[in-house]
Amino acid sequence: MSESKRFSQGWWKEKKSQEINKIKGQDVSWKNLASRLVIDRLEKRKDINSEDSNEKEINPEFERKFGQWTIKVNKDGYEFFNLEDSGKKRFYSLENGDFGQPLIIAEPDNAFEVPSGVTYANAKGEEIDKPAEKISGVICQDKDGSVVHRFSLSNPKAPRFEKTDNGIIIFVDDDGEEKQEEWFLNTLFDKDGQRIQNHDGYYSKVKPESVRVSELQDVDFVELNSDFVDKEKSEINVKSISTLAKKMYTKLTIKLGRKEQEKEKKPDFEYKVNQWTIRVWQDRYEIVNLADDGTQKFYKIISGDYGQPLIIAEPDNAFEVPSEVTYANANGEEIDQLAEKISGVICQNTDGSVAHRFSLSNPNAPKFKKTKDGIII
């Protein structure tokens, strides 16, 4: 507590005590009735500079529902969640991180621990400790690259499965007869520790020597692009890496192609945690991080069509994709130019090593300019 606050608080207590004692020493009469009423109010009132007096300001209590999603703010911070009938938190929850930043927890109550009967390695193949984060989504891919199963743990149509020491067993219906499929954990995808917790698990029919723990920058885009050019090569890498990277990236940077909204009325509720500000209106909410010039940096959270929290990466800094190139999906089929923008940059050398990786709000990001088919750094 600061000296000024301690002095102000002590002065107020002493002054209040003196005034109360002065009035209490008088005989009770109609002449001091007003004074005695003031005493009663003073004794019931909290000190204006005490910790308790600021309780509502620094520790607000607020709760509101948006569809099946609930936003809750209290002395511990803020949280968004969606409850099953059983009371479990499903899909994902959102809460403030150590610096006030919105942090998504995938499948907070349904995620399960990674297997203990395997070894884990990073993208370089170096052995690492068993990850503490859990598995929140399942992708099972056959030898030909086709996706056999892909589901979130909150999906009511997800197949029944059991965990094993090195993967999972999925129970499937085969003409009325239940059969078992054994899948081995192959790769864990770490989305972004600053924004999203818990992994997607990629399972295969072949048991690997070790389970890789990868993130977006570890995807070998160089090999991926060469596979697109050389149609004689197997398309397994194209389908597996590209599909998973797309899923991971989409979850990480879900963005809406909305028009810029006009300024609206003052929010019903506003609360700041470090540099992050949460605002709630009757029909929507947002969490933003504003630069000194008012630019929305890093990412923001907005309410989706069903009330769910959505991430918009680099809302003011993202830039349009190049116009002088053609675009293709995971199967190599040409598609229209993307409406969504570029919010982060990964530059990879011909050997697959990462030359640059930065967000557009990073103050240490290199200077660059856009071209018709890429960027110049």
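Residues numbered from 1 in each chain as written. Predicted model: local features only at pLDDT ≥ 70, side-chain atom pairs only at ≥ 80, totals over all residues. Heavy atoms only, no water.

Peer 1: Before we move on, can you summarise the overall build of the protein chain with the specific residues and values?
Peer 2: Summing up its helical and strand segments, the protein chain has five helices and 26 strands in all. Burial statistics for the protein chain: of 377 residues in total, 40% are counted as buried. Excluding contacts between residues fewer than 6 apart, the proportion of contacts in the protein chain whose partners are at least 24 apart in sequence is 45%. For the protein chain, the accessible surface area stands at approximately 23100 Å², while carbon and sulfur atoms represent 46% of it. (Helix = DSSP H or I, 4+ residues; strand = E, 2+ residues; numbered from the N terminus. Buried < 20%, exposed > 50% of the residue type's maximum accessible area, 1.4 Å probe, protein only. Contact = heavy atoms within 4.5 Å. Areas by Shrake-Rupley, 256 points an atom, 1.4 Å probe, with all protein chains shown as cover.)

Peer 1: Can you lay out the sheet that holds strand β1 (residues 62-66) for me, pointing to particular residues and giving the numbers?
Peer 2: The strand order β1-β2-β3-β4-β5-β13 describes an open sheet built from six strands, whose pairing is mixed. Of all strands in the sheet, those with a lone pairing partner are β1 and β13 (196-197), marking the two edges. The pairing of strand β3 (residues 77-82) with strand β4 (residues 92-96) spans two bridges and is antiparallel. Each residue of the ladder has a partner; that of Phe80, found in β4, is Leu94. (Pairing = 2+ DSSP bridges.)

Peer 1: I'd like a rundown of the sheet that holds strand β17 (residues 276-280), residues and numbers included.
Peer 2: Read across the sheet, five strands follow the order β16-β17-β18-β19-β20 without closing on themselves; strand pairing throughout is antiparallel. One side of each edge strand has no neighbouring strand; the edge strands of this open sheet are β16 (269-273) and β20 (309-313). With strand direction ignored, the average angle separating the axes of adjacent strands in the sheet is 15 degrees. Across five bridges, the pairing between β16 and β17 is antiparallel. (Axes fitted to C-alpha atoms, helices over the stretch in contact; angles between N-to-C directions.)

Peer 1: I'd like a description of the pattern of salt bridges, backed by residues and values.
Peer 2: Counted by the stated rule, this structure contains 11 salt bridges. Ionic pairing is found between Lys300 and Glu286, a salt bridge with its closest N-O pair at 3.7 Å. Taken together, the positions of Lys300 in strand β19 (residues 299-303) and Glu286 in strand β18 (residues 285-289) put the pair 14 residues apart, joining distant regions of the chain. Here Lys300 matches Glu286 in class, with each residue buried. Residues joined in a network through salt bridges with shared partners are Glu270, Arg279, Arg284, Glu286 and Lys300. (Salt bridge = Lys/Arg side-chain N within 4 Å of Asp/Glu carboxyl O.)

Peer 1: Which residues make up the confidence of the model for the protein chain, and what are the values?
Peer 2: Scored by pLDDT, the protein chain has a mean of 80; 71% of the residues are at 70 or more. Every residue in residues 1-9 scores below 50 in pLDDT, and together they form nine contacts with partners more than four places removed in sequence or on other chains. For residues 228-249, every residue scores under 50 in pLDDT, and the model assigns this stretch 47 contacts once sequence neighbours within four places are set aside. (pLDDT = per-residue confidence, 0-100.)

Peer 1: Run through the packing of aromatic side chains, naming residues and quoting values.
Peer 2: Scanning the model with the defined rule gives 11 aromatic pairs in all. For the pair Phe66 and Tyr285, a centre-to-centre distance of 5.0 Å together with 75 degrees between the ring planes defines the contact as edge-to-face. Taken together, the residues span a long stretch of sequence, with Phe66 in strand β1 and Tyr285 in strand β18 at a distance of 219 residues. Residue Phe66 shares its accessibility class with Tyr285, and that shared class is buried. Centre to centre, the rings of Tyr78 and Phe80 are 6.5 Å apart; their planes meet at 80 degrees, and the pair counts as edge-to-face. In this structure an aromatic cluster arises from ring pairing among Phe66, Tyr78, Phe80 and Tyr285. Sitting over the ring of Trp183, Lys205 keeps its end group 4.3 Å from the ring centre. Directly above the aromatic system of Trp281 lies the positively charged group of Arg284, at a separation of 3.8 Å from the ring centroid. (Phe/Tyr/Trp six-rings, centres within 6.5 Å; stacked < 30°, edge-to-face > 60°. Lys NZ or Arg CZ within 6 Å of the ring centre and 35° of its normal.)

Peer 1: Provide a residue-level description of the nonpolar core, including the pertinent values.
Peer 2: By size, the foremost hydrophobic cluster in this structure holds 25 residues, and its most contacted members are Tyr78, Phe80, Ile278, Val280 and Ile287. Those residues in contact with Ile287 that sit more than four places away from it in its chain are Tyr78, Phe80, Leu94, Pro102, Trp276, Thr277, Ile278, Tyr299, Lys300 and Ile301. In this structure, Phe112, Val118, Leu153 and Ile168 belong to the second largest nonpolar core, which totals 18 residues. (Core = buried A, V, L, I, M, F, W, Y, C linked by side-chain atoms within 4.5 Å.)

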